[in-house]
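Chain by chain, the residues run as shown.
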Amino acid sequence: MADHARGRSTARGARVGRVPSTPSADAPRIFSGIADTYDRVGAILSFGQDPRWRHALVASVAAAPSDVVLDVATGTGMVARELGSRYGCRVVGLDQSADMLRTAVERDGHVPLVRARAERLPFPDESFDHLTFTYLLRYVDDPAATMRELARVVKPGGRIAMLEFGVPSGPPLWAWRLWTRVGLPVLGRLVSKRWSDVGAFLGPSIERFYAAHPQDEVERSWRDAGMRDLRVARMSLGGGVVMSATKAAAGPAATETLRPAAPPERAAFYALAPGGARDYWTLLHPPYTAWHLSYVLLGASLAPAPDPRIVAGALLAFFLGVGVAAHSFDELQGRPLGTRIPSGVLVVLGSFGLLGAVALGLVAAAQVGGGLLVFVVAGAALVLLYGLEAPLVHSDLGFALGWGGFPVMTAAFATGAPPLPAALVAVAASLLSLAQRRLSTPVRRIRRRATAITGVVRYRDGSTEALGRDALLAAPEAALRLLWLAAVTLSVGMLAARWIGR
């Protein structure tokens, strides 16, 4: 009770400037008393982004079942639990907060927990195969020294992965500042006074950290600690940063950090080599964009007499909204396509595409009726939520309905198609989009994340077939190539039948 009172007193003093605060003093007072609600409230106040960032953090480790992973700043054990669940590996959690560790024990008493500070880990050199840490460097006085201490306990060849808040650049910065300065404290107050204090502290704390330690300095501290193959993924328009790297071997092998990286695997079968105008072709996802535009034509073909001007406007609006805006915003989230398009250009392209699509929708609504405004608003929301990687829109069902059924229903309404046939075709388009998702997800995972593929298929007649990258990609990518061509051809034929038959 006395400790809690001292924490409140320190917080009040820091706000009025009477008690200087250091990063290492912030964590005890900020996280005191919120452990029981930390997981749930953190997910809500981040619009579901915090769990998604933690999932990306865990995915970057790629541990083996026999590995032992140290999760530093484990808090209530969210990352530790997911590591164990995903890889079947042994995990040790470490945190300096007794409140957080108590909650972690209550939720999963099987994870070994240690109370200690990241700056002084109570383990011998090279004790762990991998190490993760979450929201840590802002709460230590010397981030570079802490990185060296973290790297010390990891075996050569092991991965270190970090999750930290980021500061967006460009137009999203103003929305981020409004949310962190106003939204977080106000909504936090609905939970408790402690959460309001956390909300008020967070935004300024993040900006102070990057003002004192810019991103390039943080990356340099990783390399100085002996880390190589550094990867940085900016997520949610830059609001979250996931970094990962491999600890270099001692001695001459450490010179690998100076060698150029091998050419990256193409992110998709239609992707061109990174650089220049080729990046903009890749950004548009041409086969998939054409596939989704075919659903606009299918919806229009259901009308007795589809107006060519409405159809052309709908095609252009969906091209701007899906092909340009959604894909530009998505590329801001960790560069999944590996393009070199500047972030500012992506923001401009995405904003232009979204505003153009909305403007076309408003013009069409003036001609066909105000009911179309519902589709305009829904479409803009889909693009923005997709750009923020909201779990609902990025789920299989959300993708199927948003990029499959929605274009059919929008075009059908705009051209005056009967509701029942439109609904049935929308279901069919959603199922096709779901099939696309089921085929493309494993392909994408292999192309963008796999480092090695080994295995053998043994048949009943005794013959064998080696499993490899090409074998696993060939069938689903061939199906994807055929399906997008089939969808486009079918939709053009259906619409042509309406117009030619008149």
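The preceding data block contains the structure.
Analysis parameters
Once a new chain begins, its residue numbering starts again from 1 and follows that chain's sequence as written. Predicted model: local features are reported for residues with pLDDT of at least 70 only, side-chain atom pairs are reported and counted for 80 or more only, and whole-chain, interface and lining totals are derived from all residues. The side-chain numbers reported here are obtained from all heavy atoms of the structure, hydrogens and water having been left aside. A run of H or I in DSSP counts as a helix once it spans at least four residues, and a run of E counts as a strand once it spans at least two, with each numbered from the N terminus. In this treatment the radius of gyration is a C-alpha quantity, and the globule benchmark scales as 2.2 Å times the residue count to the 0.38 power. Residue exposure (1.4 Å probe, protein chains only): buried if accessible area is under 20% of the type maximum, exposed if over 50%, otherwise partly exposed. We call two residues contacting when some pair of their heavy atoms lies within 4.5 Å. Areas reported as accessible are Shrake-Rupley estimates using a 1.4 Å probe. Residue values count occlusion only from the protein chains shown. This count recognises Lys and Arg as positive and Asp and Glu as negative, with His and chain-terminal groups excluded. Each charge is placed at NZ for Lys, CZ for Arg, CG for Asp and CD for Glu. Any two strands with at least two DSSP-identified bridges between them are counted as paired. Fitted lines through C-alpha atoms give the axes, limited to the stretch in contact for helices. The angle between two N-to-C directions lies from 0 to 180 degrees. Lining residues are those with an atom within 4 Å of a point, where the points come from a 1 Å grid over the protein atoms alone and group into cavities, where a 1.4 Å probe fits but cannot get out, or pockets, open sets with protein on both sides within 12 Å along at least five of seven lines. Grid points are joined across faces, edges and corners, and a volume is the space filled by probe spheres set on the points. Nonpolar residues are Ala, Val, Leu, Ile, Met, Phe, Trp, Tyr, Cys and Pro. Charged residues are Asp, Glu, Lys and Arg, and all others, Gly as well, are polar. Orientation labels follow simple angle bins: below 35 degrees gives roughly parallel, above 145 gives roughly antiparallel, 65 to 115 gives roughly perpendicular, and whatever is left gives oblique. Left-handed is the label given to a crossing in which the near helix is rotated counterclockwise from the far helix by less than a right angle, and right-handed is the label when the rotation is clockwise. Any Lys or Arg side-chain nitrogen found within 4 Å of a carboxyl oxygen on Asp or Glu counts as a salt bridge. Throughout, right-handed denotes a crossover for which the path from the first strand over the helix to the second runs clockwise when the strands point away from the viewer. In summary, the pairing rule links any two rings of Phe, Tyr or Trp, Trp by its six-membered ring, whose centres are within 6.5 Å, and it sorts them by plane angle into stacked for under 30 degrees, edge-to-face for over 60 and tilted for everything else. Each ring is checked for a lysine NZ or an arginine CZ that lies within 6 Å of its centre and within 35 degrees of its normal; such an atom marks a charge sitting over the ring.

### Focus: the overall build of the chain
Of the regular secondary structure elements, the chain holds 19 helices and nine strands. Whereas a compact globule of 502 residues would reach a radius of gyration of roughly 23 Å, the chain reaches 26 Å, a difference of no more than 12%. If you line up the chain on its principal axes, its C-alpha atoms span 80 × 65 × 45 Å. Buried positions account for 48% of the 502 residues belonging to the chain. Relative to all contacts within the chain whose residues are 6 or more apart in sequence, the contacts with residues 24 or more apart total 69%. Roughly 23700 Å² of accessible area belongs to the chain as shown, and the carbon and sulfur atoms make up 65% of that amount. A gap of 4 Å separates the mean positions of the 53 positive and 39 negative side-chain charges of the chain.

### Details of the side chain of E477
Residue placement: E477 occurs in helix α19 (residues 469-500). Not counting residues within four places of it along the chain, the set of residues in contact with E477 comprises F269, V443 and R447.

### A closer look at helix α3 (residues 38-45)
Among the residues making up α3, those that are buried are Y38, D39, V41 and L45. After α3 finishes, the residue F47 shows a positive phi value of roughly 55°.

### With respect to the sheet that holds strand β5 (residues 159-165)
Spatially, β3-β2-β1-β4-β5-β7-β6 is the arrangement adopted by the seven strands of the open sheet, whose pairing is mixed. Among the strands making up the open sheet, the edge pair consists of β3 (113-115) and β6 (227-235). Averaged over all neighbouring strand pairs, the angle between strand axes comes to 15°, with direction disregarded. Relative to β5, strand β4 (residues 130-134) is paired through four bridges, and the arrangement is parallel.

### Here's the deal with the environment of V167
Among the structural elements, V167 can be located in the loop between β5 and α8 (172-191). Along the chain, V167 and G239 lie 72 residues apart, while their C-alpha atoms are 5.6 Å from each other. Setting aside anything within four residues of it in sequence, one finds V167 in contact with L173, W176, I206, E207, Y210 and G238.

### A look at empty space enclosed by the protein
Under the counting rule described, the total for this entry stands at two cavities of 30 Å³ or more. Taken as a whole, the largest cavity holds about 40 Å³ of empty space. Contributing to the lining of the largest cavity are T76, G77, R81, A104, D108, V111 and L113. Split by residue class, the lining of the largest cavity holds three nonpolar, two polar and two charged. In this structure, the second largest cavity occupies an estimated 30 Å³ of space. Every residue lining the second largest cavity is listed: L137, M162, E164, F209, Y210, Q215, V218 and M243. Every element with two or more residues in the lining of the second largest cavity is listed here: β5, α9 (193-212) and α10 (215-224). Looking at side-chain class alone, the lining of the second largest cavity contains six nonpolar, one polar and one charged residues.

### Side note on the packing of helix α15 (residues 372-387) against helix α17 (residues 396-415)
As a packed pair, α15 and α17 sit with axes 10 Å apart at the nearest point and diverge in direction by 160°. Taken together, the axis directions place α15 and α17 in an arrangement best described as roughly antiparallel. Between α15 and α17 lies a crossing of left-handed hand. Side by side, α15 and α17 meet where L372, F375, A378, G379, L382 and Y386 of the first sit next to G402, W403, F406, M409, T410, F413 and A414 of the second. The residue makeup of the contact of α15 with α17, split by class, is 10 nonpolar, three polar and no charged.

### Description of the side chain of K247
Summarising the element assignment, K247 is placed in strand β7 (residues 240-247). Buried within the structure, K247 lacks any salt-bridge partner; its nearest side chain of opposite charge belongs to E126, at an N-O separation of 4.5 Å. Beyond its immediate chain neighbours, meaning those up to four positions away, K247 contacts E126, A151, R152, V154, K155, P156, G157, G158, G226 and M227.

### Some remarks on the pairing of β4
A regular strand places its side chains so that they alternate between the two faces of the sheet. Most of β4 sits out of view: five of its five residues are buried. Alternating positions in β4 separate into two faces, H130, T132 and T134 on one and L131 and F133 on the other, with burial throughout. Judged from the four bridges that link them, strand β1 (residues 68-72) and β4 form a sheet pairing that is parallel. Within β4, the residue paired with L70 across the bridge is L131. One crossover worth recording links β4 to the parallel β5 by way of helix α7 (residues 143-152), and it is right-handed.

### What to know about the packing of aromatic side chains
The relative placement of two aromatic rings is captured by the distance of their centres and the angle of their planes. Counting across every chain of the model gives 16 aromatic pairs. Ring geometry for F209 versus Y210: centroids 5.1 Å apart, planes at 80°, classification edge-to-face. The exposure class of Y210 is buried, given its relative accessible area of 15%. Taking 5.3 Å as the distance between ring centres and 85° as the angle between the ring planes, the aromatic pair formed by F269 and Y270 counts as edge-to-face. In terms of burial, F269 and Y270 fall into one category: buried. Within the aromatic cluster, the residues linked to one another by ring pairs are F269, Y270, Y288 and W291. Against the face of W174 rests R177, its NZ or CZ located 5.5 Å from the ring centre.

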